[in-house]
Amino acid sequence: MVSDPPDRDRIFPRLVVLLLVLVTAVPYLAGLSFDDPDSRFDGVMVFPADTNAYLAFARQASEGRLLLKNPFTPEPHAGGLMGLGWWLMGWVAAVPGSSVEVGFHAVRLLGILLLAYAVQRWCERLFASRFLRRVVLLAVMTG
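Residues numbered from 1 in each chain as written. Predicted model: local features only at pLDDT ≥ 70, side-chain atom pairs only at ≥ 80, totals over all residues. Heavy atoms only, no water.

Quick word on the overall build of the protein chain
Counting its secondary structure elements, the protein chain contains five helices and zero strands. Reading the secondary structure of the protein chain in the N-to-C direction produces α-α-α-α-α. The C-alpha atoms of the protein chain give 19 Å as radius of gyration, which overshoots the globular expectation for 143 residues (15 Å, by more than 25%). For the protein chain, the spread of C-alpha atoms along the three principal axes comes to 55 × 40 × 30 Å. Taking as baseline every contact in the protein chain between residues at least 6 positions apart, the subset at least 24 positions apart corresponds to 48%. By element, 68% of the accessible surface of the protein chain is carried by carbon and sulfur atoms, the whole surface being about 9400 Å². Between the averaged position of the 13 positive side-chain charges in the protein chain and that of its 12 negative side-chain charges there is a distance of 13 Å. (Helix = DSSP H or I, 4+ residues; strand = E, 2+ residues; numbered from the N terminus. Rg over C-alpha atoms; globule rule 2.2 N^0.38 Å. Contact = heavy atoms within 4.5 Å. Areas by Shrake-Rupley, 256 points an atom, 1.4 Å probe, with all protein chains shown as cover. Lys, Arg positive; Asp, Glu negative; His and termini not counted. Charge placed at Lys NZ, Arg CZ, Asp CG, Glu CD.)

Thoughts on the packing of helix 2 (residues 48-62) against helix 3 (residues 84-93)
The geometry of helix 2 relative to helix 3 is characterised by a closest axis approach of 7 Å and an angle of 55 degrees between their N-to-C directions. Judged on the interaxial angle alone, helix 3 and helix 2 are oblique. For helix 2 against helix 3, the interelement crossing comes out right-handed. Between helix 2, through Tyr 54, Leu 55, Phe 57, Ala 58, Ala 61 and Ser 62, and helix 3, the contact on the second element is made entirely by Trp 86, Trp 87, Met 89, Gly 90, Trp 91 and Ala 93. Of the residues belonging to the contact of helix 2 with helix 3, the class tally is ten nonpolar, two polar and no charged. (Axes fitted to C-alpha atoms, helices over the stretch in contact; angles between N-to-C directions. Parallel < 35°, antiparallel > 145°, perpendicular 65-115°, else oblique. Left-handed = near helix turned anticlockwise from the far one by under 90°. Nonpolar A, V, L, I, M, F, W, Y, C, P; charged D, E, K, R; others polar.)

A word on the side chain of Arg 108
You can see Arg 108 is positioned in helix 4 (residues 100-126). Buried and without a salt bridge, Arg 108 has Glu 101 as its closest oppositely charged side chain, separated by 13 Å. (Buried < 20%, exposed > 50% of the residue type's maximum accessible area, 1.4 Å probe, protein only. Salt bridge = Lys/Arg side-chain N within 4 Å of Asp/Glu carboxyl O.)

Regarding helix 2
An α-helix turns once per 3.6 residues; consequently, residues spaced three or four apart project the same way. For helix 2, with 15 residues, the first-to-last C-alpha span of 20 Å sits near the 21 Å given by 1.5 Å per residue. All of the buried residues along helix 2 are Thr 51, Ala 53, Ala 56, Phe 57, Ala 58, Gln 60 and Ala 61. Against helix 3 and helix 4 lie the buried residues of helix 2. Taken from the residues just after helix 2, Gly 64 is the one with a positive phi, measuring 95 degrees. (Expected span 1.5 Å × (residues − 1).)

Overview of the pattern of salt bridges
Any two side chains of opposite charge can pair, on the condition that their charged atoms come close. The tally for this structure, following the rule as stated, stands at three salt bridges. Put simply, Arg 10 and Glu 124 hold a salt bridge, and the shortest N to O gap is 2.9 Å. Of this pair, Arg 10 sits in the segment before helix 1 (11-33) while Glu 124 sits in helix 4; the two residues are 114 residues apart in sequence, bridging distant segments of the chain. Taking the shortest distance from any N to any O, the salt bridge between Arg 65 and Glu 63 comes out at 3.5 Å. Residue classification places Arg 65 among the partly exposed residues on the basis of a relative accessible area of 44%. One network of salt bridges, with partners in common, ties together Arg 10, Arg 121 and Glu 124.

By themselves these figures say nothing about function.
Next comes the structure, spelled out in C-alpha cells:
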C-alpha cells in the first residue's frame, strides 16, 4: 500500500475539480445567456423525457414525499424508493428561495467532487507515481 501523498500532491485533483465545474457549467450559462423573452431555457440538454421524470421525482421530494411516483405513466401505482440523487435535489429545492434547478446543479457539482475524491484516493493507494495518479484521475474524470 502506498502512503498518503503530501499536501502539494492534492493541488492537482483540486484543479481538476475546479476545471470540470467550470467547463460543465458553460452549456448551462450559455443557455441562460441566449434566452429570449419569448422562451425559457429549462436547463435540459439531452433526453428531455428522462430528465423531466427525474425533475418530477425531485419536485415530489421537495414536497416532503419519501415514496415517489412516476407521473408519466397512466397506470395507477404506489410510490417507490428512488435514487438518492433525486431526494438530494428535492431537499435542496425545499430550502426557501431555492428550486429544483438549483438542486440539480448542487447534486451535479457534488457528484463531480465526490467522484474526483474517490478516484484520487483510489489512485493514491494503487500508484506510487504522481504522474500515473494524475493520468488516471484525468482519464476517469473526463471519460
